[in-house]
Amino acid sequence: MLIEDVLTEFKRTHLEHIEDIVITDGYEGGKAVLEYFRGLLLTLKGSSSEAMSVSVKWDGAPAVVCGTNPDNGKFFVGTKSVFAKNAKINYTKKDIANNHGTDDLGQKLLKCLVHLKKINIQGVVQGDLLFTDEDIVRKNVDGKPHLTFTPNTITYAVPEASDLGKQIDRAKVGIIFHTTYNGETLADMSASGGADVSAFAKSNDVFFDNATYKDVSGTAKFTDDETTKFYNGIEKLENLLNNVPRNLSTVLGQNQDFIPMFQMYINAMVKQGELPSNVNQFLLGFKKFYSGRMQQQMAGLKAQKALQLRQDKMKQMPVFLNRAKKPLQAMLTFYKAVQTMKAFVLKKMNQAQAIGSFQQTDGGLVVTEPEGFVAVDKSGNAVKLVDRLGFSRRNLTAINKFKNN
């Protein structure tokens, strides 16, 4: 089952990190984690291609929506603003200049307008722009000539002499399509994950693909030893989940601030580059974080009712944390073990990438991981697998040059 088939059934508009679903969905979320890992085990040991669908998260920018407008049959390009109330739909160079200006974003959309029409997109799709021809920089990586491009926070590199390198060298535009839009009018379209690019026309001017994970090197299959280790890890997770209360969601729901604030706390720790190493540090750190957030909110308030509300919340949270201490400890012990298993999967899957990923430093290019992956089970439920202290930290702290557009 392809990711484009199953993501259409996925209910969440926001993909959770795999370790976070025990927080958002409680014990049932923990059971779902086990099923994801069982599916990934079957997929990565090569015994079943149907067990789990996986797509690659590319660090491209800007997001480009393009295709044939069902309202008039014309080819267009744009950003997500094509769906806005005051839609910015670009059919011509003049449209782009009026809607997006003539600086970097406008120039990239103009290249897309000129070249993406050559691949005969009949529907409407969205992709992440990887490069235009002016973005390609030739560099030596490990002493060998590579083509490199940096659409956002990750630098991608391809050996210049490879078949893939030759395709990219010829192209004027490079894009990865990952979303399809369906509907009788552009204004009424709804999004579904995945993009079937098999019917797109070929053009030397456009390097394109969909985001479906491809083990092009054959190196992402588990060895017998890795299969045993991963299987044992799943058994450990299952034992840890037995310590998590079946009514965890009810317990966490006793304080409405806990789940959203705890996820904010995790992101704050990711930005700092370090997650707590043990469960008790996790809870103590959250207690301080929550108190600090409430004090920040109170600093800007004058209404006595609003101040009293936050003062009450500050008093209630420590009481809640103390009352729910054992369930929270069990949940976070499971959470930390999921992070370890996720790192094991990411290390293996990253080996199969045909396009290398690097981080630009003062000392040059340093090997880094891709943005991550999306895993989809047979029921259409999906989670993301991302190195949070690697990519997520860079992404949370980076300034996106296209954000205001």
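Residues numbered from 1 in each chain as written. Predicted model: local features only at pLDDT ≥ 70, side-chain atom pairs only at ≥ 80, totals over all residues. Heavy atoms only, no water.

**A word on the confidence of the model for the protein**
Close inspection of predicted coordinates is inappropriate for parts of the model with low pLDDT. For the protein, per-residue confidence averages 85 on the pLDDT scale, and residues scoring 70 or more make up 84% of the total. Of all secondary-structure elements in the protein, the lowest mean pLDDT belongs to helix α1 (residues 3-6), at 33, while strand β3 (residues 75-78) reaches the highest, 98. The model gives residues 1-13 a pLDDT under 50, and that stretch makes 34 contacts with residues more than four places away or in other chains. (pLDDT = per-residue confidence, 0-100. Helix = DSSP H or I, 4+ residues; strand = E, 2+ residues; numbered from the N terminus. Contact = heavy atoms within 4.5 Å.)

**Topic: the sheet that holds strand β13 (residues 372-376)**
One open sheet accounts for three strands, arranged β1-β13-β14; its pairing is antiparallel. Strand pairing shows two members of the sheet lacking a second neighbour, β1 (53-57) and β14 (382-385), which therefore form its edges. In this sheet, adjacent strand axes meet at a mean angle of 25° when their direction is disregarded. In this sheet, β13 lies alongside β1 in antiparallel orientation, the contact comprising five bridges. Each bridged residue has a counterpart across the sheet, and for S55 the counterpart in β13 is V374. Of the strands in this sheet, β1, β13 and β14 touch helix α2 (residues 21-44), which is tilted by about 80° from β14. (Pairing = 2+ DSSP bridges. Axes fitted to C-alpha atoms, helices over the stretch in contact; angles between N-to-C directions.)

**Observations regarding the packing of aromatic side chains**
Evaluation of the coordinates by the stated rule reveals 22 aromatic pairs. Considering the side-chain rings of F37 and F230, the 5.7 Å spacing of their centres and the 80° angle between planes classify their relative orientation as edge-to-face. In this pair, F37 sits in helix α2 while F230 sits in helix α6 (residues 224-241), placing the two residues 193 residues apart along the sequence. By the burial criterion, F37 is buried, and F230 matches it. Considering the side-chain rings of F149 and Y156, the 5.8 Å spacing of their centres and the 35° angle between planes classify their relative orientation as tilted. For F149, a relative accessible area of 1% corresponds to the buried category. (Phe/Tyr/Trp six-rings, centres within 6.5 Å; stacked < 30°, edge-to-face > 60°. Buried < 20%, exposed > 50% of the residue type's maximum accessible area, 1.4 Å probe, protein only.)

**Quick word on the nonpolar core**
Considering soluble globular proteins, one finds that nonpolar side chains tend to be buried as a cluster. Grouped together as the largest cluster of nonpolar side chains are 76 residues, with contacts concentrated most on F37, F230, F258, F262, F286, M331 and F334. Of the residues forming this core, the biggest block, 13 residues, is contributed by helix α11 (residues 325-349). Apart from the residues lying within four places of it in its own chain, the contact partners of F258 are L252, F286, M317, F320, L321, L328 and M331. With 23 residues, the next largest nonpolar core counts V64, V197, F200 and F208 among its residues. (Core = buried A, V, L, I, M, F, W, Y, C linked by side-chain atoms within 4.5 Å.)

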